[in-house]
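# Architecture and fold: a report
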Amino acid sequence: MIVRRLAGVLAGAVTGGLELVLLVLAWPLARWWAPWLVALERARLRVLLGHDSDPGTAGAGYLALRAAVGVLGGYVAMSLIFVGLLFVGGACWAMLTGESSPVALEFPGIRLTTESWAIGLTSGIFLLAVGTLCCQAVVAGERRLARRFLGPGPQERMRRRIAELTATRSGIVRAVDDERRRIERDLHDGVQQRGVALAMLLGRARHAFAGAPGPAADLVAQAYAESRHLLDELRSVAWRIYPTALDELGLRAALAGVAERAGVPVTVHHGLTGRLATEVETALYFVAREAITNAVKHAGARDILVVLSEDERTVRVVISDDGAGGADPAGGGLSGLARRVLALDGEFEVGDAPGGGTRVRATLPKEPPCG
């Protein structure tokens, strides 16, 4: 690591000298040679100093400051290290060959006698330490300049943060939908199958008790009826958690199932030309299903219209009913739908329909934010 940084500082002193020469002799042509030198400095920072930088708008101003730091700092650091190595090398040679001579050091009240190789070794180690610290300071200065001129600015950092947050919340929506699929599969493959087996056993028991007097036959018949109700409720819960038809057959078939279960006339106008992204289809489905459920349960609607349309960049679903109206957008179901739609960079509106009732509209981009 230290050797690589020393090499980076030395290379920076060399490129800094070249930059100073070009700045003095070819300043009018800076727009031609500055981008090449900036690219060279970016590569040096990445390979030798371990600092990755983004393509920025740095030019001659950055090169001038970097050249000053590189040449001055590199010269001082390399000079100290070079002189320190000379001292250490000379001291070691004198110690091995026995050519060292005594040196008297006199201080007020103190007189010391030592060998010249000891003084040379101590001085060399001190110079090497100072040179290494100077080298670290040059590297820190180079990185600071790189972050200032080559790194992303405040607007770019904000843009990246927004993109990161958008992708993260889109990923949360996908994770929730995946968990819904898993729960639906567990219910279908586990609990529901056991319920079917229980209903079959009770059916056989009812058949065996058929015609037999006594309360046992009545209890078996009631248990069988309850098991059938339990299976129906379980299928309904699994369907509300996540409809498998949405993945297997698409949005049209899934909404057709919602219309069949609504209990009131539901007309679906499907104006989409093809399949959409999974997140978008899922959001459209849950918006339509929740709006239909609210219209039937809370608004007393007798007729519901669902319209799906699209343009080049967005897809829209509008659900209108003839119920009592006055839907609360802050309610648990609608507010949850609004968060789902907004997480995909969409728009969600709840208002009164022109002829009375409630109108729910959701608009989503065809391509959701990527995670």
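Please read all numbers here as calculations on a predicted model, not as lab measurements. (Residues numbered from 1 in each chain as written. Predicted model: local features only at pLDDT ≥ 70, side-chain atom pairs only at ≥ 80, totals over all residues. Heavy atoms only, no water.)

## Quick word on unusual backbone geometry
Non-glycine residue D345 carries a positive phi angle of around 65°. Checked against the element boundaries, D345 lands in the loop between α10 (332-343) and β6 (347-352). Since its relative accessible area comes to 45%, D345 is described here as partly exposed. (Helix = DSSP H or I, 4+ residues; strand = E, 2+ residues; numbered from the N terminus. Buried < 20%, exposed > 50% of the residue type's maximum accessible area, 1.4 Å probe, protein only.)

## Comments concerning the packing of helix α1 (residues 2-25) against helix α3 (residues 60-97)
For any two helices packed against each other, the geometry is given by the interaxial angle and the distance between the axes. At their nearest, the axes of α1 and α3 sit 7 Å apart, and the two run at 130° to each other. In this view, α1 runs oblique relative to α3, as classed from their interaxial angle. Here α1 runs over α3; the crossing is left-handed. Facing L6, V9, L10, G12, A13, T15, G16, G17, E19, L20 and L23 of α1, the residues of α3 in contact are A60, L63, A64, R66, A67, G70, V71, G74, M78 and I81. Looking at side-chain class alone, the contact of α1 with α3 contains 13 nonpolar, six polar and two charged residues. (Axes fitted to C-alpha atoms, helices over the stretch in contact; angles between N-to-C directions. Parallel < 35°, antiparallel > 145°, perpendicular 65-115°, else oblique. Left-handed = near helix turned anticlockwise from the far one by under 90°. Contact = heavy atoms within 4.5 Å. Nonpolar A, V, L, I, M, F, W, Y, C, P; charged D, E, K, R; others polar.)

## Examining the pairing of strand β2 (residues 110-115)
Within a regular beta strand, the side chains point alternately toward one face of the sheet and then the other, so they alternate between its two faces. Across six bridges, strand β1 (residues 102-107) lies against β2 in antiparallel orientation. When the bridges of β2 are listed, F107 appears paired with I110. Between β1 and β2, which pair antiparallel one after the other, the connecting turn spans two residues, and G109 there sits at a positive phi close to 80°. (Pairing = 2+ DSSP bridges.)

## Some details on the side chain of E41
Within the secondary structure, E41 is located in helix α2 (residues 30-47). On the basis of relative accessible area, E41 is assigned to the buried category, the value being 0%. Each residue touching E41, except ones within four places of it in the same chain, is listed here: T15, E19, Y62, L63 and R66.

## Here's the deal with the sheet that holds strand β7 (residues 358-365)
With mixed pairing, five strands are arranged side by side in an open sheet as β3-β4-β5-β7-β6. Here the strands that pair on one side only, and so sit at the sheet edges, are β3 (266-270) and β6. Within this sheet the neighbouring strands show an average axis-to-axis angle of 10°, counted without direction. By the bridge criterion, seven bridges tie strand β4 (residues 304-310) to strand β5 (residues 314-321) in an arrangement that is antiparallel. Following the sheet pairing, V307 is matched in β5 by V318. Across the sheet, helix α9 (residues 278-297) is in contact with β3, β4, β5, β6 and β7; its angle to β5 comes to roughly 10°.

## With respect to the nonpolar core
Ranked by internal contacts, the top residues of the largest apolar core, which has 37 residues, are L284, V287, I304, I319 and F348. Top contributing element to this core by residue count: α9, with 10 residues. With sequence-adjacent residues up to four places away left out, I319 is seen in contact with V287, A288, A291, I292, I304, L305, V306, T358, R359 and V360. (Core = buried A, V, L, I, M, F, W, Y, C linked by side-chain atoms within 4.5 Å.)

## Some details on the pattern of salt bridges
This model, assessed by the stated rule, comprises eight salt bridges. The salt bridge partner of E19 is R66, with a shortest N-O separation of 3.3 Å. In this pair, E19 sits in helix α1 while R66 sits in helix α3, placing the two residues 47 residues apart along the sequence. Take R66: its relative accessible area is 0%, and that puts it in the buried class. The salt bridge partner of R361 is E349, with a shortest N-O separation of 2.5 Å. One end of the pair, R361, is in strand β7; the other, E349, is in strand β6, with 12 residues separating them in the sequence. In this structure E349 comes out as partly exposed when scored by relative accessible area, which is 37%. One salt-bridge network, held together by shared partners, links E19, E41, R44, R66 and E142. (Salt bridge = Lys/Arg side-chain N within 4 Å of Asp/Glu carboxyl O.)

Note that every value here comes from positions in space, so none of it alone points to a role or purpose.
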